[in-house]
Every structure is written in C-alpha cells, then in structure tokens.
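Results of the structural survey
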Amino acid sequence: MTPILEITNVTRRFAGLVAVNDVSFTLKQGEILGVIGPNGAGKTTLVSLISGTLPPTLGDIAFEGHSIVKLPAYQRARLGIGRTFQIMRPFPGLSVLDNVAVGALFGHGGGESELAKAREQAREQLRFVGLEKFSDQRADELGGPSRKRLELAKALAMQPKVLLCDEVMAGLNHVEIDEVIDVLKRVRERGISILVIEHVIKAIKSLSDRLLVLHHGEKIADGEPDTVLSNPQVVEAYLGRKRA
Ligand SMILES: Nc1ncnc2c1ncn2[C@@H]1O[C@H](COP(=O)(O)OP(=O)(O)OP(=O)(O)O)[C@@H](O)[C@H]1O
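Residues numbered from 1 in each chain as written. Predicted model: local features only at pLDDT ≥ 70, side-chain atom pairs only at ≥ 80, totals over all residues. Heavy atoms only, no water.

If you check an unreviewed UniProt entry, the protein chain appears there as ABC transporter ATP-binding protein from Manganibacter manganicus.

1. Remarks on the sheet that holds strand β7 (residues 162–166)
Heads up, the rule is: A pair of strands is considered paired only if DSSP assigns at least 2 bridges between the two. The secondary structure listing takes helices from DSSP runs of H or I that are at least 4 residues long and strands from runs of E that are at least 2 residues long, numbered from the N terminus. Angles run from 0 to 180 degrees between N-to-C directions of axes, and those axes are lines fitted to C-alpha atoms, restricted for helices to the stretch in contact. Whether two residues touch is decided by their heavy atoms; if any such pair falls within 4.5 Å, the residues are in contact.
Pairing is mixed in the open sheet, where six strands are placed in the order β6-β7-β8-β3-β9-β10. Because the sheet does not close on itself, it has two edges, and the strands there are β6 (81–83) and β10 (218–223). With direction set aside, neighbouring strand axes in the sheet form an average angle of 15 degrees. Summarising the sheet, strand β9 (residues 210–215) and β10 pair through five bridges and their orientation is antiparallel. Pairing of L212 across the sheet is with D222, part of β10. Contacts between helix α1 (residues 43–51) and the sheet are confined to β3 (32–36), β6, β7, β8 (193–197) and β9, with β6 contributing the most and set at about 145 degrees to the helix.

2. A few points about the environment of G80
To keep it simple, the criterion reads: Three exposure classes are used, based on accessible area relative to the maximum for each residue type with a 1.4 Å probe and protein chains only: buried under 20%, partly exposed in between, and exposed over 50%.
Within the element layout of this structure, G80 appears in the loop between α2 (73–79) and β6. The buried category is assigned to G80, whose relative accessible area is 0%. Sequence separation between G80 and P92 is twelve residues, and the spatial gap between their C-alpha atoms is 25 Å.

3. Describing the site of the ligand
Rules: In these notes, residues near a molecule or strand are those with any non-hydrogen atom within 4 Å of it. Counting of polar contacts relies on pairs of N or O atoms within 3.5 Å, with two restrictions inside protein: one atom must be capable of donating a hydrogen and the other of accepting it, and residues adjacent in sequence are counted only when both atoms are side-chain atoms. Here, Shrake-Rupley sampling with a 1.4 Å probe gives the accessible areas, and only protein chains in the shown set may cover a residue.
As a matter of local geometry, the ligand sits amid 14 residues, with G40, G42, K43, T44 and T45 nearest to it. One nitrogen or oxygen atom from the main chain of A41 is found 3.0 Å from an oxygen atom belonging to the ligand. With respect to the ligand, the side chain of K43 contributes an N or O atom lying 2.8 Å from an oxygen atom. Bound to the protein, the ligand loses 61% of the 630 Å² it would expose on its own. Sorting the residues of the shell around the ligand by element identifies β2 (17–27) and α1 as the ones contributing at least two each.

4. Structural notes on the packing of aromatic side chains
Note the following rule: The aromatic pairing rule takes the rings of Phe, Tyr and Trp, using the six-membered ring of Trp, and pairs them if the centres are within 6.5 Å, calling planes under 30 degrees apart stacked, those over 60 edge-to-face and the rest tilted. Criterion for a charge above a ring: Arg CZ or Lys NZ at most 6 Å from the ring centre, at most 35 degrees from the ring normal.
Considering all chains together, one arrives at zero aromatic pairs under this definition. R186 extends its terminal NZ or CZ atom over the ring of F128, reaching a point 4.5 Å from the ring centre.

5. Thoughts on the pairing of β7
Of all the five residues making up β7, five are buried; the element is thus mostly covered by neighbouring parts of the structure. On β7, burial covers both faces: V162, L164 and D166 on one face and L163 and C165 on the other are all buried. Taken together, the three bridges between β6 and β7 define a ladder with parallel strand orientation. Along β7, the bridge assignment pairs I81 with V162. Examined bridge by bridge, β7 and β8 share five bridges and lie parallel to one another. The residue bridging C165 from the neighbouring strand is V196, located in β8.

Okay, structure coming up:
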C-alpha cells in the first residue's frame, strides 16, 4: 500500500545552519508516528516542510504517491494535510466556535462553503475534543490546556487525512496529557494518520506505533518505540541529555 506520506532525502538550510539534514521516512496509512529529539533537533522545521509553510532546500515530499513539494500550504491543506502550531495562534477577536469554523471553511476539499454548515462542523469538532461548553467564549480568553484542544479542533475541522501535531501536550498535567492521548487515539480510529512531535516520552511511547528520532537535523533512529528508546545513540543524544 502506498504510504500516505513519503519524505525522501529532505534537507532544509537556514543560512549556514542545516536544520533538517537528508531525512527520509514514510508515514503509513492509519499509523501514529512519534517524532522526538532534543531542542533544536529540527522537529518543527520538519512539520513546516510537510505542511508547506517552509520549502525544503533539497528533497521530495509525496502525499498519497504524488509529489507536493511545489504546492503552497493552502493547497496541501485542501489535499488533506492538517497541522497544529506549537505557538498557538487563535484568531483573537473570534469566538472559540468561529475559530474552528474558519478551519472548516478553508479545509480539505475546499471546505464548507456556507458559514452555517461550517459552524455545525465546528461544533462537532469541539464536542469531539471536549471544548463544546466554551463555544461562545472568545478564543483568546481560553486557558493554556484548552488552547491546545482548540488547536486540535481547528486542524480537525479541515477534515485532514494526515494530522501533524506539534507539541500538543506541552505544559499539560498528567490528567490533561492522558485526555489528549485519548483524543488522538480516537482521531486515528477515524482513519486519520498522525505525525506527532512530543517531548513527554511516556506519552509519546504509549501513543505511537513507531518512533523517529532527530538529532542535529539528522534521523538517528526509526522503529518500534521500545527498540528505539533503548538504542544507545538515542539514549546518549536525547534521554541522556534530558536527565542531565
Ligand atoms: N526561520 C528560521 N531561521 C533560522 N533558523 C531557524 C529557523 N527556524 C528554525 N531555525 C533553527 O533550526 C534549528 C531547528 O529548529 P526547530 O525549531 O525545527 O527544532 P525543534 O526540534 O522543533 O526544537 P524545539 O524542540 O525546541 O521546538 C534550530 O537551530 C533553530 O534555531
């Protein structure tokens, strides 16, 4: 079966710095792939390269077997690539409901053409992530944990086939992390493939089918979570440093 995403020899340079260095991997249909690595390893850059907010310097990215590397971000979103942002950016003057409705209006397949339908779709996503009771509140008045859920609801309203999650658990407590894990597992049950960047090892281990490790922009491991986490190079590069 063709992988839903195929990243081939992708490199991204910023002036003298190589943020992502010749990285290749696939995301299979219906898979949850965890991406870990120390600060500055290139994780967010990788998500930006896939979603199209940054072009790669070299390499190719294919979605459902077709190269998307020349497409702008909005076209990739319409094909079915949704993402959350590490730095959350709700539209400040809009309600929680309308923040999500914007995603529904512009999402996969061109989105809902009418606002009423978009709001209905937004309501469904807010129910799904457990934020329905905040629907009429202004988005910029939400607390941190709820903003993380809002990011997820916004991305889901675009009806993606692939969801790219950039640290949706950062700053959450254990209970909130378990709730987000539950939401992401239910997202996968809907048939959506997920690439998730996370620093919380316990969370990403319980969530992911496979783990990929980046270090200084290079892929240093890719495989079954227990095997990857006991790889000496990974322990040295990531876990060792984190404990220090
Ligand atoms: N727009 C940019 N211009 C210049 N350098 C950048 C830019 N974006 C990222 N970088 C650099 O690229 C490297 C990789 O950054 P990136 O944000 O992808 O890492 P990360 O693994 O997501 O880190 P963190 O875990 O801290 O979020 C870093 O050295 C960063 O400073």
